[in-house]
Amino acid sequence: SVVLSATTANCPPDPRCLAEWLDWCIYIVGKAPGRIALSKAENKGRPLQIDLEFPASAGGPKPTAHIRWQPGRAAAEEERADGESLHVECERGFADLSGETDIVWRNGQHQGRDSLTAERPSADVILDQFCRRVFGGLVPVSDLSDALRAWRFAELVSQELVKRS
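Please read these numbers as outputs of a predicted model, since none were measured by experiment.

> Would you mind going over helix 1 (residues 15-29) with me for this structure?
Counted at 1.5 Å a residue, the expected span for helix 1 with its 15 residues is 21 Å, and the 21 Å between its end C-alpha atoms agrees. Listing the buried residues of helix 1 in full gives Cys17, Leu18, Ala19, Trp21, Leu22, Cys25 and Ile26. Where helix 1 ends, the next residue or the one after it, Gly30, has phi of about 95 degrees, a positive value.

> Before we go on, may I ask you to explain the pairing of strand 7 (residues 102-107) in this structure?
Each regular strand shows side chains that alternate between the opposite faces of the sheet. Bridging between strand 6 (residues 93-97) and strand 7 involves five bridges; their strand directions are antiparallel. Bridging from a neighbouring strand, Asp96 pairs with Val104 of strand 7. Between the antiparallel neighbours strand 7 and strand 8 (residues 110-115) lie two residues, among them Gly108 with a positive phi of about 65 degrees.

> How should I be thinking about the environment of Asp114 in this particular structure?
By the secondary structure assignment, Asp114 is in strand 8. In sequence terms Asp114 and Ile103 are 11 residues apart; their C-alpha atoms lie 5.3 Å from each other. Discounting chain neighbours no more than four positions away, the residues touching Asp114 are Thr101, Asp102, Ile103 and Trp105. Within the structure, Asp114 has its side chain in polar contact with the side chain of Trp105 (distance 2.9 Å).

> Looking at this structure, how should I read the environment of Pro13?
If you trace the backbone, Pro13 turns up in the loop between strand 1 (2-8) and helix 1. Note on Pro13: relative accessible area 5%, which makes it buried. In this structure the C-alpha to C-alpha distance between Pro13 and Ala154, which are 141 residues apart in sequence, comes to 10.0 Å. Once residues within four sequence positions are removed from consideration, Pro13 is found in contact with Leu18, Trp21 and Trp69.

> Mind showing me how you'd approach the nonpolar core here?
As a rule of thumb, soluble globular proteins bury nonpolar side chains together. Grouped together as the largest cluster of nonpolar side chains are 23 residues, with contacts concentrated most on Leu18, Trp21, Ile50, Leu52, Ile67 and Trp69. Only strand 1, helix 1, strand 3 (47-53), strand 4 (64-71), strand 5 (85-90) and helix 4 (144-164) provide two or more residues apiece to this core. It is helix 1 that contributes the most residues to this core, seven residues altogether.

> Any chance you could explain the pattern of salt bridges here in plain terms?
Close approach of charged atoms allows side chains of opposite charge to pair. Across all of its chains, the model carries three salt bridges by this definition. Across the pair Arg35 and Glu53 runs a salt bridge whose closest N-O atoms are separated by 3.7 Å. Taken as a pair, Arg35 in strand 2 (residues 35-40) and Glu53 in strand 3 lie far apart in primary sequence, 18 residues in all. Classification of Arg35 as partly exposed rests on a relative accessible area of 43%. By relative accessible area, which is 27% here, Glu53 ends up partly exposed. The salt bridge partner of Asp146 is Arg149, with a shortest N-O separation of 3.1 Å. Of the two residues, Asp146 and Arg149 both sit in helix 4, three residues apart, roughly one turn of that helix. The buried category is assigned to Asp146, whose relative accessible area is 18%.

> Would you mind going over the side chain of Ser158 with me for this structure?
Take Ser158: it is sitting in helix 4. With sequence-adjacent residues up to four places away left out, Ser158 is seen in contact with Pro15 and Leu18.

Conventions we followed
Residues numbered from 1 in each chain as written. Predicted model: local features only at pLDDT ≥ 70, side-chain atom pairs only at ≥ 80, totals over all residues. Heavy atoms only, no water. Helix = DSSP H or I, 4+ residues; strand = E, 2+ residues; numbered from the N terminus. Expected span 1.5 Å × (residues − 1). Buried < 20%, exposed > 50% of the residue type's maximum accessible area, 1.4 Å probe, protein only. Pairing = 2+ DSSP bridges. Contact = heavy atoms within 4.5 Å. Polar contact = N/O pair within 3.5 Å; in protein donor to acceptor, adjacent residues only side chain to side chain. Core = buried A, V, L, I, M, F, W, Y, C linked by side-chain atoms within 4.5 Å. Salt bridge = Lys/Arg side-chain N within 4 Å of Asp/Glu carboxyl O.

This is how it looks when you write it as structure tokens:
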């Protein structure tokens, strides 16, 4: 099970944000969800969680992912320029994105804090991946169809959010 908890100034989040979160969960699990459902929150009936169920692999359990969000707080808005903070929980650990360049993580007995300031810009990484794929030297990476699939899921969720508000 994967849990992505987000604090965002936009509650419910906009479709682009939803598409990014859905795409991330799909990437982590490695397949498209078989079911997506909204869970209601106690305050004003506003849904605050998306539950994703994925098909089981070869007799194993069905993987699940949960995306939770809550309205942004002043502290979270100070941490990140976009007003968002992320907390990710997986089977063996967690990661907190507490700013645009800082990540705190724990995996079993190991934990740490890393700075992403020395990372290459995303445009450089994408160009490098593209060149490697052209020459056949890279394991398949996300492509436009992955983004479109996540966007379609986000549109469906957004439509349901509008109906329930």
